[in-house]
Amino acid sequence: MNQLRLLPSRLGAQAVRLLAAHEVPVFGWRSRSSGPPATLPSSKDGGSSSYMEEMYFAWLENPRSVHKSWDNFFRKASEEASSGSAQPRPPSVVRDSRSAVSSRTKTSKLVEDHLAVQSLIRAYQIRGHHVAQLDPLGILDADLDSFVPSDLITTIDKLAFYDLQEADLDKEFQLPTTTFIGGSENTLSLREIIRRLENTYCQHIGLEFMFINDVEQCQWIRQKFETPGVMQFSSEEKRTLLARLVRSMRFEDFLARKWSSEKRFGLEGCEVMIPALKTIIDKSSEMGIENVILGMPHRGRLNVLANVIRKDLEQIFCQFDPKLEAADEGSGDVKYHLGMYHERINRVTNRNITLSLVANPSHLEAVDPVVQGKTKAEQFYRGDAQGKKVMSILVHGDAAFAGQGVVYETFHLSDLPSYTTNGTVHVVVNNQIGFTTDPRMARSSPYPTDVARVVNAPIFHVNADDPEAVIYVCSVAAEWRNTFNKDVVVDLVCYRRRGHNEMDEPMFTQPLMYKQIHRQVPVLKKYADKLIAEGTVTLQEFEEEIAKYDRICEEAYGRSKDKKILHIKHWLDSPWPGFFNVDGEPKSMTCPATGIPEDVLTHIGSVASSVPLEDFKIHTGLSRILRGRADMTKNRTVDWALAEYMAFGSLLKEGIHVRLSGQDVERGTFSHRHHVLHDQEVDRRTCVPMNHLWPDQAPYTVCNSSLSEYGVLGFELGYAMASPNALVLWEAQFGDFHNTAQCIIDQFISTGQAKWVRHNGIVLLLPHGMEGMGPEHSSARPERFLQMSNDDSDAYPAFTKDFEVSQLYDCNWIVVNCSTPANYFHVLRRQILLPFRKPLIIFTPKSLLRHPEAKSSFDQMVSGTSFQRVIPEDGAAAQAPEQVQRLIFCTGKVYYDLVKERSSQGLEEKVAITRLEQISPFPFDLIKQEAEKYPGAELAWCQEEHKNMGYYDYISPRFMTILRRTRPIWYVGRDPAAAPATGNRNTHLVSLKKFLDTAFNLQAFEGKTF
Ligand SMILES: Cc1ncc(C[n+]2csc(CCOP(=O)(O)OP(=O)(O)O)c2C)c(N)n1
Ligand SMILES: [Mg+2]
């Protein structure tokens, strides 16, 4: 690319290099070897390059059609290029070319000077932020580099870079259409041009936006910041800003005074974040936003709760009381992780606004996709397809924003049709440190915000000690979001007055920075002094404002002492009005039968085997599949895919929105689902038959996701958070890939209710099974989910009437491995018919999807039928249980291997096989019944997974408890191993045969003790 250059020859080699680094080649050279190579300023936003391009193409057609100066110019450039001298040239060559300029005509000089000035303007637009004064401490470079771009006129002598001289400063230049610095003027002197550019681009705001591939958007930003006098505030606005700063600062001071040794992750050094967030909210409310969903980390969170969300102060203060008792179930969470939901009138706009702060774990940035999912769902339920009513704001720390991969994954959801929230405002608290780590050791990108460039989000860096600049930037950011419905980043370059938390000594690791911080005048004082000096407020008014807020805090503190009990429910970020009773309890403790009338099954089956759109040509292979579905429906049977169809379709009929998301879920990784039909002749013409079931059905969304697990699972979890009346499913391509979303599973799904009393009914579909495909793609790691299940292995349960449902209510999640399509159908429906919500983990099949035996009859799905937690033996062995010598318990696909082997050995009467379909919570009652039914049988657990994996470690102590340790439960399965499966097909088959032999060797455990 480097040799592709053509610039006015008088721009020195360095200029050529610098511009080339930021510009794109725009000339469509006929071929690299035949024509002169070129790089010119991008034409995408118009300006000089387009003009030059025009000239160039005209010159190519006919050299005489352009002015002589252009002819000379292109001729010379062509010669240079073909002689190879377009490479950066030594200064002597540059000087030579400059002297050539002097011989040019006056017109040529005029054109070239104008081009130079255009380049200069563009240089500021592109690189001005590198020299903007962003660090309030004045000691660091926000972009981690002290270089000063050569093409910014930081000293007079740098005019020479453009072959301009001091004498040119007072010459008037025509302004290009790509700048707004002129206001109503079309021309300005060079001196004024430079002054205005410096003002816009090199003061307390640093703008990064010239990478955006859209002229209109670039123009919009230029207009917002370049237009003279844009940053003016009324005295009312200034007073509001001051009052907000007072609250922000005095809140932290108050906590520091009352609880000097408590962690609170104070905001000191970035107090401006409170007015910043409030401005974004005010401005958005003004533009019609009614619901703002916030996600943020620890820093300043209490302050945001108090001063942005407006949580009662006493509710916050009482959290510092060590004697406060918990009233709710679960373990709760620390105060700076809790969420919040609040509806109120926005005082600036006088409109209703709902604010929610999503509870989050300590894992930084993990909440980002969750907030996006919740936002998407809220937009969906309100029919707000454009995001005009609901929006999200994400606050980030500088180190986390740069370091955590989920930030990137979340950005990549921002423009996907089924995942977009129509623009998020990101606010980075860039205190230039992460715990004890210097950013120079923590990131390789110049700014912590560079990740946002991948989605063409503009990035506004701003010195956080200039509150007016911050407010202006935030208001533009909110407007940007509302205008273009795209993400935008506000980078608050600030400092951290104290250690990482209030107990930390920052001087251990950042001595020089903290020496400066100790000298730093707090922003409130600086701003108050400014307003007092300019006469906007008096000292007395300022002091009264402080006293007023201090009094508010003191009074709330007094009231907080009366609070003896903490209700985590008061910190719920997503209330579900009407779902629970007034005490927040389920309205019943029953689960209705999950079967459905046969005519509904038949109807869904017929739609699932049809193409509801006219003139829609599907693939012949798919026609075959649809015919198969029609046959099954006629024969009153279902396979896995059809059972899923029946479950989704019937819920849609009942008004339940269903959303299935994950990689390639539309077709299904195993090509079994086909929920989206593609017209074979018309590009992008698709049909989702599931949305053609009934005229008044709920909508069905099925969407192939980006190739992310962490981001997408977090998103779906957030989506499921918004309403209990939706079945939200995330499918892993193969079950093992869930481990890249482990943080969402551990920190939210498994523990969310215990920490935040928040129910969530998300369903995880995890393809699982040892099928000789090697160690990858085999195991969805059931052992991990089971190890995190909270049911007690050692407590002998009390078998009350509602044991089944109360067990479900008490658990942290439900783990199932269904062996029949009907049971899969029932468990999906039960998920919604339960009077509460729990995450559901389903290990789903691969080969069983097409296994001829793995079919269910309509009889197992019609009204009156239900999910079977255990499927007991129902063959010959069950007819004469006292004859049975061995009762094998198993789960999932291995059942079919066991049945086949039993049959081949003719052991149907001696060996019973019972399937555990709901593994957790453990169906103690049914297992007890089964074991007691076969009093003379040895009990064995058979699994295809290795012994240290799968289910054995979970079921074994539970069997012991329910059998009161009177009978052993023998293990049959693969030996312990490090990898989940072998990569060798033969080893796989040998080990399968080996454990099947053991399963039916009735002497295998003779003489063994337990
Ligand atoms: C995923 C994750 N890794 C590590 C930590 C531990 N940790 C807590 S705060 C912090 C530093 C965060 O720095 P930054 O994002 O700049 O926020 P700041 O505290 O400076 O506001 C670290 C490493 C964490 N909470 N989450
Ligand atoms: Mg930081």
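The coordinates are above.
What comes next is a walk through the structure. (Residues numbered from 1 in each chain as written. Chains lettered and ligands numbered in written order. Predicted model: local features only at pLDDT ≥ 70, side-chain atom pairs only at ≥ 80, totals over all residues. Heavy atoms only, no water.)

## What about the packing of aromatic side chains?
Summed over the entire model, instances satisfying the criterion amount to 41 aromatic pairs. Consider the rings of Y381 and Y719, whose centres lie 6.4 Å apart with planes at 55°: the pair is tilted. Placement of Y381 in helix α12 (residues 367-381) and of Y719 in helix α23 (residues 710-722) is noted, with a sequence separation of 338 residues between them. Classification of Y381 as partly exposed rests on a relative accessible area of 33%. (Phe/Tyr/Trp six-rings, centres within 6.5 Å; stacked < 30°, edge-to-face > 60°. Helix = DSSP H or I, 4+ residues; strand = E, 2+ residues; numbered from the N terminus. Buried < 20%, exposed > 50% of the residue type's maximum accessible area, 1.4 Å probe, protein only.)

## Points about α23
Here α23 spans 19 Å end to end across 13 residues, near enough to the 18 Å set by a 1.5 Å rise per residue. Among the 13 residues in α23, 13 count as buried, and that is most of the element. (Expected span 1.5 Å × (residues − 1).)

## Regarding the coordination of the magnesium ion (ligand 2)
Looking at the magnesium ion (ligand 2), one finds its protein donor set to be D398 (OD), N431 (OD1) and I433 (O), positioned 2.0 Å from the metal centre. Along the chain, the residues donating to the magnesium ion (ligand 2) fall in the pattern D-x32-N-x1-I. Residue N431 shares its accessibility class with I433, and that shared class is buried. (Donors = N, O, S within 2.8 Å, 3.2 Å for Na, K, Ca; no water.)

## Thoughts on the site of ligand 1
H298, R299, S362, D398 and A400 are the nearest of the 15 residues found near ligand 1. D398 has a polar side-chain atom sitting 2.5 Å from an oxygen atom of ligand 1. Side-chain polar atom of N431 to an oxygen atom of ligand 1: 2.9 Å apart, as the coordinates give it. In isolation ligand 1 offers 580 Å² of accessible surface; the protein chains occlude 75% of this area. Counting residues per element, the shell around ligand 1 draws most heavily on helix α13 (residues 398-403), which supplies three residues. Looking at the shell around ligand 1, its residues break down into five nonpolar, eight polar and two charged. (Near = heavy atom within 4 Å. Polar contact = N/O pair within 3.5 Å; in protein donor to acceptor, adjacent residues only side chain to side chain. Areas by Shrake-Rupley, 256 points an atom, 1.4 Å probe, with all protein chains shown as cover. Nonpolar A, V, L, I, M, F, W, Y, C, P; charged D, E, K, R; others polar.)

## Here's the deal with the sheet that holds strand β20 (residues 814-816)
Strand order in the open sheet formed by seven strands is β17-β14-β18-β19-β21-β20-β26, with mixed pairing between adjacent strands. Where the open sheet ends on each side, the last strands, each with one partner, are β17 (700-704) and β26 (918-920). Within this sheet the neighbouring strands show an average axis-to-axis angle of 20°, counted without direction. When strand β14 (residues 657-662) meets strand β18 (residues 726-731), the two strands line up parallel, connected through six bridges. Paired with V658 across the two strands is L727, which belongs to β18. (Pairing = 2+ DSSP bridges. Axes fitted to C-alpha atoms, helices over the stretch in contact; angles between N-to-C directions.)

## A short note on the pattern of salt bridges
Across all of its chains, the model carries 48 salt bridges by this definition. In this structure, D170 and R191 form a salt bridge, with 3.0 Å as the shortest nitrogen-oxygen distance. Taken as a pair, D170 in the loop between α5 (106-127) and β1 (172-174) and R191 in helix α6 (residues 190-201) lie far apart in primary sequence, 21 residues in all. Its relative accessible area of 44% is what places R191 among the partly exposed residues. With a closest N to O distance of 2.8 Å, K525 and D529 form a salt bridge. Remark: D529 and K525 occur in helix α18 (residues 523-534); sequence separation between them is four residues, near one turn of the helix. You can call D529 partly exposed: its relative accessible area is 37%. (Salt bridge = Lys/Arg side-chain N within 4 Å of Asp/Glu carboxyl O.)

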